[in-house]
Amino acid sequence: MLNLDFEKAPYLAAVRNLPTQISPREKEQLTRQLLVAIRDYYVHLPLKMSRYAINPIEELELMLGDASSSSLFNYFNKLLIIINKLRDRHTTLTLPAPWNSLAAFLPFMTEIFSDSGTQRVAISKLIAGYTNDDLEVGSVITHWNGIPIENFIALLATNSQGANFAASMKWAEVTLTLRSLANSIPPIEDWVTLSLITPSNVHKTVSVPW
């Protein structure tokens, strides 16, 4: 089992609306500083804009208009999305406390394996303190919130920082069930519903919280 304590960890839903520690003026100042850093000092900007059809400068300028009105959680989420679109692991944004010491995780880990040339996703480990008779190590995940698992991983890869398709897919696989909230876009859902095939070939559906 993983060395995490599921019983003592708070639910992700409990930290989405933590009290704001940054004033609207400070959010606007941070947005302007990030705008200057990317516009004036990020040498790869022309290449990134052309290659990925993005415009982080325009997105940050638009954020200046609503920086004061959006919640702190949504504000940081928008900044992370803009940074991740650059697809540059050397260019990251680390959020302040308390997010820089938090991680969102599900009570299991996964591994990718090949079955007759087809990639499958299996539950490889359960974390300490979590018990669920419907969630067995060795079970193969077929769907994630109703989405075929291979499609969900591809969707998750679109918001990763991988510089190419293979790197983005690998990063999505690695962060499927464990994501640092310091510099990762948090899950949009509070729990995940999985469709599984157990090692004894029984089809099950189980929901687990972040």
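What comes next is a walk through the structure.

Rules used throughout
- Residues numbered from 1 in each chain as written.
- Predicted model: local features only at pLDDT ≥ 70, side-chain atom pairs only at ≥ 80, totals over all residues.
- Heavy atoms only, no water.
- Axes fitted to C-alpha atoms, helices over the stretch in contact; angles between N-to-C directions.
- Helix = DSSP H or I, 4+ residues; strand = E, 2+ residues; numbered from the N terminus.
- Parallel < 35°, antiparallel > 145°, perpendicular 65-115°, else oblique.
- Contact = heavy atoms within 4.5 Å.
- Nonpolar A, V, L, I, M, F, W, Y, C, P; charged D, E, K, R; others polar.
- Salt bridge = Lys/Arg side-chain N within 4 Å of Asp/Glu carboxyl O.
- Core = buried A, V, L, I, M, F, W, Y, C linked by side-chain atoms within 4.5 Å.
- Buried < 20%, exposed > 50% of the residue type's maximum accessible area, 1.4 Å probe, protein only.
- Expected span 1.5 Å × (residues − 1).
- 1 Å grid on protein atoms, 1.4 Å probe; cavity = no way out; pocket = protein on both sides within 12 Å on 5 of 7 lines; lining within 4 Å.
- Points joined across faces, edges and corners; volume = space filled by probe spheres on them.
- Phe/Tyr/Trp six-rings, centres within 6.5 Å; stacked < 30°, edge-to-face > 60°.

1. Looking at the packing of helix α3 (residues 56-66) against helix α4 (residues 72-84)
At a minimum axis separation of 10 Å, α3 and α4 run at an interaxial angle of 170°. Looking at the two axes, α3 sits roughly antiparallel to α4. Within the contact between the two elements, α3 uses P56, E59, L60, M63 and D66 and α4 uses Y75, K78, L79 and I82. When its residues are assigned to classes, the contact of α3 with α4 shows six nonpolar, no polar and three charged.

2. Focus on the pattern of salt bridges
Tallied over the entire structure, the rule returns nine salt bridges. We note a salt bridge from E28 to R32, for which the minimum N-O separation is 3.1 Å. Remark: R32 and E28 occur in helix α1 (residues 24-41); sequence separation between them is four residues, near one turn of the helix. Of the charged contacts, one joins K170 and E173 as a salt bridge, the two residues approaching to 3.3 Å between their closest N and O atoms.

3. So, the nonpolar core
In globular proteins that are soluble, nonpolar side chains generally tend to be buried together. I38, F108, L135, W144, L194 and V208 are the most contacted members of the largest nonpolar core, which has 53 residues in total. Sorting elements by how many residues they give to this core places α4 first, with eight residues. Once residues lying within four places of it in the same chain are set aside, the contact partners of W144 are L106, F108, I149, F152, L176, T177, E189, V192, T193, L194 and W210.

4. Section: α4
Helix length check: α4 (13 residues) gives 18 Å between terminal C-alpha atoms against 18 Å at 1.5 Å per residue, within 8%. Turning to α4, its buried residues number three or more, namely L72, F73, Y75, F76, N77, L79, L80, I82, I83 and N84.

5. Description of the layout of surface pockets
Reported here for the largest pocket is a volume of approximately 450 Å³. Taken together, 22 residues form the lining of the largest pocket, with L156, N159, R179, I185 and P186 sitting closest to its centre. Taken together, the residues that form the lining of the largest pocket break down as 11 nonpolar, eight polar and three charged.

6. Some thoughts on empty space enclosed by the protein
Scanning all chains against the criterion turns up one cavity of 30 Å³ or more. L72, F73, F76, N77, L80, L95, W99, L181, S184 and P186 together form the lining of the largest cavity.

7. With respect to the packing of aromatic side chains
Taken as a whole and judged by the stated rule, the model has three aromatic pairs. Each ring, one from F76 and one from W99, has its centre 5.8 Å from the other, and the planes form 70°; the classification is edge-to-face. Here W99 lies in the loop between α4 and β1 (103-105) and F76 lies in helix α4, a separation of 23 residues in the sequence. For the pair F76 and W99, a shared accessibility class is recorded, and that class is buried. Plain terms: the ring middles of W144 and F152 are 5.0 Å apart, the flat faces sit at 15° to each other, and that makes the pair stacked. Given a relative accessible area of 0%, W144 falls into the buried group. By the ring-pair criterion, three or more aromatic residues cluster together here, those being Y75, F76 and W99.

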